[in-house]
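One letter stands for each residue in the lines below.
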Amino acid sequence: MLIVNTIEQLRLFLTAARAEGNSIGLVPTMGALHEGHASLVERSVRENGTTVVSVFVNPTQFNDKGDLERYPRTLEADCCLLEKLEVDCVFAPSVEEVYPEPDTRIFDFAPLDKVMEGIYRPGHFNGVAQIVSKLFMFVEPDRAYFGEKDFQQLAIIREMVRQLSFNLEIIGCPIVREQDGLALSSRNALLTNEQRHTALAISKSLFSSVKYAKEHTLIETKQMVEAAIAATEGLELEYYEIVDGNTLQPVTAWTDTDYIVGCITVYCGKVRLIDNIRYK
Ligand code: PAF
């Protein structure tokens with residue numbers, strides 16, 4: 001496995017890979033890798049002759065400086081895992097390499113970026129679009145892999161690909177959970193044992209809401225999840241929205257559309273956790 005830090009080294013590697021007739025799979029990450037990332041990487045390795053994993057904590061997508069500073073950085077352990085997964089190349093650039101000058105591009109993904117994370121993390125998706133579009137330009141992958149845990153991010157990346165006519169396939173991969181249900185996240189590493197236990201109430205309330213939804217209205221189901229989180233000491237709900245899975249706009253009745261997803265963001269102490277569940 002090759003580890004490169006510059007765009008030039010990356011391009012040299014990719015030219016050789018393409019000359020061998022390999023398709024290129026890209027898995028963009030911010031490192032602190034876990035089984036969720038591993039599932040994306042395994043799929044890319046299965047589906048492509050060459051897999052590139054980028055490891056880059058992108059400063060432009062953090063609207064909170066403390067969050068950026070706290071974000072776990074574990075490049076050495078990440079590379080060990082990626083080597084075992086038979087990744088061909090890790091691209092781990094510096095901030096200066098990616099942003100030799102400030103990226104002033106402004107994206108507009110309305111209405112997708114005007115709800116949920118778009119409200120609570122202003123500028124976040126603009127930063128995501130900046131880095132992901134750059135990675136697509138550096139790597140020119142045939143396929144790029146993203147987790148469905150970041151449900152809104154996935155929708156926005158698909159929209160960016162459409163708007164900018166990138167010639168690649170976006171593959172969304174299912175959420176990977178711990179056995180007890182907690183959605184895997186790099187941020188879980190920041191939880192104490194006690195918080196880790198408290199955080200379980202998030203997935204538990206989502207799972208029980210699916211059953212509850214069968215006999216209750218959408219509004220009642222939303223209130224049930226909100227109440228379950230409010231009743232858990234140590235958790236603070238930022239939002240729970242039940243939305244149309246395509247437009248991400250809130251829906252008010254189960255009959256409004258045939259693709260409905262509940263998206264939640266909760267603070268467990270200072271750690272911001274997100275999760276989602278599909279109702280139909
Ligand atoms: O989902 C993430 O880890 C990041 O938002 C991504 C897509 C790697 C861009 O920095």
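Residues numbered from 1 in each chain as written. Predicted model: local features only at pLDDT ≥ 70, side-chain atom pairs only at ≥ 80, totals over all residues. Heavy atoms only, no water.

This paragraph deals with the sheet that holds strand β8 (residues 260-268). Taken in spatial order, the three strands make up an open sheet running β7-β8-β9, and their pairing is antiparallel. Edge strands, defined here as strands with exactly one partner in the open sheet, are β7 (235-244) and β9 (271-278). Shown here is a sheet whose adjacent strand axes are inclined to one another by a mean of 15°, direction ignored. Of the pairings in the sheet, the one linking β7 to β8 comprises nine bridges and is antiparallel in character. Of the residues in β8, the one forming a bridge with E241 is C263. Strand contacts of helix α10 (residues 200-213): β7, β8 and β9, with the helix running at about 20° to β9, the strand carrying the most contacts. Set on the sheet, helix α11 (residues 218-230) makes contact with β7 and β8; between it and β7 the angle comes to about 160°. (Pairing = 2+ DSSP bridges. Helix = DSSP H or I, 4+ residues; strand = E, 2+ residues; numbered from the N terminus. Axes fitted to C-alpha atoms, helices over the stretch in contact; angles between N-to-C directions. Contact = heavy atoms within 4.5 Å.)

To continue, consider the pattern of salt bridges. Under the counting rule described, the total for this entry stands at 14 salt bridges. Two residues, E47 and R43, come together in a salt bridge whose shortest N-O distance is 2.8 Å. Taken together, the positions of E47 and R43, both in helix α2 (residues 35-47) and four residues apart, correspond to about one turn of that helix. Measuring nitrogen to oxygen at the nearest pair gives 2.9 Å for the salt bridge that ties R177 to D275. Remark: D275 occurs in strand β9 and R177 occurs in the loop between β6 (169-173) and α9 (193-198); sequence separation between them is 98 residues. Looking at R177, the relative accessible area reads 24%, which means it is partly exposed. You can call D275 buried: its relative accessible area is 4%. Salt bridges sharing partners connect three or more residues here, namely D67, R121 and R187. (Salt bridge = Lys/Arg side-chain N within 4 Å of Asp/Glu carboxyl O. Buried < 20%, exposed > 50% of the residue type's maximum accessible area, 1.4 Å probe, protein only.)

For the rest of this paragraph, the subject is the nonpolar core. Ranked by internal contacts, the top residues of the largest apolar core, which has 45 residues, are L10, V52, F136 and I170. Sorting the residues of this core by element identifies α1 (7-19), β2 (24-29), β4 (89-91), α7 (124-139), β5 (143-147), α8 (151-164), β7 and β8 as the ones contributing at least two each. In terms of residue count, the dominant contributor to this core is α7 (nine residues). With 25 residues, the next largest nonpolar core counts A199, A213, Y240 and I260 among its residues. (Core = buried A, V, L, I, M, F, W, Y, C linked by side-chain atoms within 4.5 Å.)

Pairing is parallel across the open sheet formed by six strands, whose spatial order is β1-β4-β3-β2-β5-β6. Both edges of this open sheet fall to β1 (2-4) and β6, since each of them pairs with a single strand only. On average, adjacent strands in this sheet sit at an angle of 25° to one another, irrespective of strand direction. Where β2 meets strand β3 (residues 50-55), six bridges bridge the pair, whose relative direction is parallel.

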